[in-house]
Amino acid sequence: MMSMTCHNLDFGFTKTVFDLYACGCSSNASFCRSSVRNYAKSSSSSRKLVDRRRGIALCRVSSTKTPATLLSGKVAQGVPPLLDLKKESRCPVSLKNLFELVADDLQTLNQNLQSIVGAENPVLMSAAEQIFGAGGKRMRPALVFLVSRATAELAGLMELTMEHRRLAEIIEMIHTASLIHDDVLDDSNMRRGQETVHQMYGTRVAVLAGDFMFAQSSWYLANLENLEVIKLISQVIKDFASGEIKQASSLFDCDLKLEEYLLKSYYKTASLIAASTKGAAVFSGVDSTITQKMYEYGKNLGLAFQVVDDILDFTQSAEQLGKPAGSDLVNGNLTAPVIFALEKEPKLRDIIESEFSEPGSLNEAIELVKSCGGIERAQELAKEKADLAIQNLQCLPESAFRLALEDMVLYNLERID
């Protein structure tokens, strides 16, 4: 079922396309994270944060889950989770504060992205302004920079290399190209409350813009002249296609297994994040043990993000989502909450297999998913993947950058609190 390269799974977004597009121990100590950029500027302030973090008694454990258990999302008995958000009193994690550590890196990236598309292709200039305008969350390149700086300490690097910076640009181009094509395939008019590129400029321009960015990213990738990273990122582009094919071939399929959902989620989301974090470590020059841990961190973080996104499709309003609520379900894309709910509610199967032919059937299906425990079980799945991601970071030295990577995991879970 898996291709040769899937051994890495080891289970066994202003108007731009970018914009469109803790532990289970007994300590009750609490803390509130402030802007991490300030404490990153001096070793003493960074050390104080580490000491304060120790005050909540972080218990680090090794996973004893089998490959089959990791894929199915079941918790291995007797293994305490690292993350217990209810027990740990703290302020909400802010992406703005997390990214302050690499704010200068992200600013440089934003400036470079517009010139990459617009300078060489005037025909796509208008779309480029839509795509690479005034920033956005930039989560993936931020992860590249955070992992780069966290692992650079191990390798004795004082500053990021040109390869680190180019990798971040390549990753964001690939991510944006995939979103443009996703919106064309799904005929989506809105993404995060903004009109999509194909809605504004037409399908032809949108397809060309996506193709151009895939091609441009591949050219820059080849010029990095690192075969390991070239293979890693090239596989991501193949994974995108595999994910779309798997999704298209399983629409309205109520027999879809959780393992198949996770594999599709890896292809469509986690593969790129995993390649981002591993590639950053490779360019820092750390050993293969560390680079593989960074790959696992990105994979588990990516899977957790996808599960949380799929939960929000049921729990948030259209205004909050920037698209109609339940849009995946109405299109036949069955996600974790639905897969879990189908185990308990036969009527849900009947509604889905009818492709929501009856008036009000979509709202009925959404309520069944909520009432049958689908949301709660999907939350547990997201927390399990998040816990694994935290474990994957234990190979890194304690630093502001590692803390930011841990907080990225917590930020994702807080979206469903």
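Look above for the structure.
Residues numbered from 1 in each chain as written. Predicted model: local features only at pLDDT ≥ 70, side-chain atom pairs only at ≥ 80, totals over all residues. Heavy atoms only, no water.

A.B. asks: Can you tell me about the packing of helix α9 (residues 162-186) against helix α11 (residues 203-223), naming the residues and giving the values?
C.D. replies: Running from N to C, α9 and α11 point in directions that differ by 155 degrees, and their axes come no closer than 9 Å. When the axes of α9 and α11 are compared, the pair comes out roughly antiparallel. The crossing of α9 and α11 is left-handed. Mapping the contact onto sequence places Arg166, Ile170, Met173, Ile174, Thr176, Ala177, Ser178, Ile180, His181 and Val184 in α9 and Thr203, Ala206, Val207, Ala209, Gly210, Asp211, Met213, Phe214, Gln216, Ser217, Tyr220 and Leu221 in α11. Here the residues of the contact of α9 with α11 sort into 13 nonpolar, seven polar and two charged. (Axes fitted to C-alpha atoms, helices over the stretch in contact; angles between N-to-C directions. Helix = DSSP H or I, 4+ residues; strand = E, 2+ residues; numbered from the N terminus. Parallel < 35°, antiparallel > 145°, perpendicular 65-115°, else oblique. Left-handed = near helix turned anticlockwise from the far one by under 90°. Contact = heavy atoms within 4.5 Å. Nonpolar A, V, L, I, M, F, W, Y, C, P; charged D, E, K, R; others polar.)

A.B. asks: Quick one: what's the story with the nonpolar core, residue by residue and with numbers?
C.D. replies: In terms of nonpolar packing, the biggest core is built from 108 residues, with Leu329, Ile352 and Met408 touching the most fellow members. Per element, the largest residue contribution to this core is 15 residues, and it comes from helix α13 (residues 258-284). Excluding anything up to four places from it in sequence, methionine 408 contacts Leu95, Leu98, Phe99, Met139, Leu143, Tyr297, Leu301 and Phe305. (Core = buried A, V, L, I, M, F, W, Y, C linked by side-chain atoms within 4.5 Å. Buried < 20%, exposed > 50% of the residue type's maximum accessible area, 1.4 Å probe, protein only.)

A.B. asks: Give me the lowdown on the environment of asparagine 300, citing residues and values where you can.
C.D. replies: With respect to the helices, strands and loops of the structure, asparagine 300 is situated in helix α14 (residues 288-315). On the basis of relative accessible area, asparagine 300 is assigned to the buried category, the value being 4%. Taking the C-alpha atoms as reference, asparagine 300 lies 8.1 Å from alanine 274; in sequence the two are 26 residues apart.

A.B. asks: Which residues make up the packing of aromatic side chains, and what values go with them?
C.D. replies: Applying the stated rule across the entire model yields four aromatic pairs. Taking the centre distance of 6.5 Å and the plane angle of 55 degrees together, the rings of phenylalanine 214 and phenylalanine 240 count as tilted. Taken together, the residues phenylalanine 214 in helix α11 and phenylalanine 240 in helix α12 (residues 227-248) connect sequence positions 26 residues apart. For the pair shown, phenylalanine 214 and phenylalanine 240 are each scored as buried. Look at tryptophan 219 and tyrosine 220: their rings are 5.2 Å apart centre to centre, the planes differ by 75 degrees, and that puts the pair in the edge-to-face class. For tyrosine 220, a relative accessible area of 12% corresponds to the buried category. (Phe/Tyr/Trp six-rings, centres within 6.5 Å; stacked < 30°, edge-to-face > 60°.)

A.B. asks: An account of the pattern of salt bridges is needed here, citing residue identities and associated values.
C.D. replies: For side chains of opposite charge, pairing can occur when their charged atoms come near one another. Within the structure shown, the criterion is met by 15 salt bridges. Between aspartate 105 and arginine 149 there is a salt bridge whose closest N-O contact spans 3.0 Å. You can see aspartate 105 sitting in helix α6 (residues 103-118) and its partner arginine 149 sitting in helix α8 (residues 139-155), a full 44 residues away along the chain. By the burial criterion, aspartate 105 is buried, and arginine 149 matches it. Glutamate 353 is the salt-bridge partner of arginine 349, the closest N and O atoms lying 3.2 Å from each other. Linking arginine 349 with glutamate 353, this pair stays in helix α18 (residues 346-353), spanning four residues, or about one helical turn. Classification of arginine 349 as partly exposed rests on a relative accessible area of 29%. Each of Asp105, Arg149, Glu159 and Arg165 takes part in salt bridges that share partners, so that together they form one network. (Salt bridge = Lys/Arg side-chain N within 4 Å of Asp/Glu carboxyl O.)

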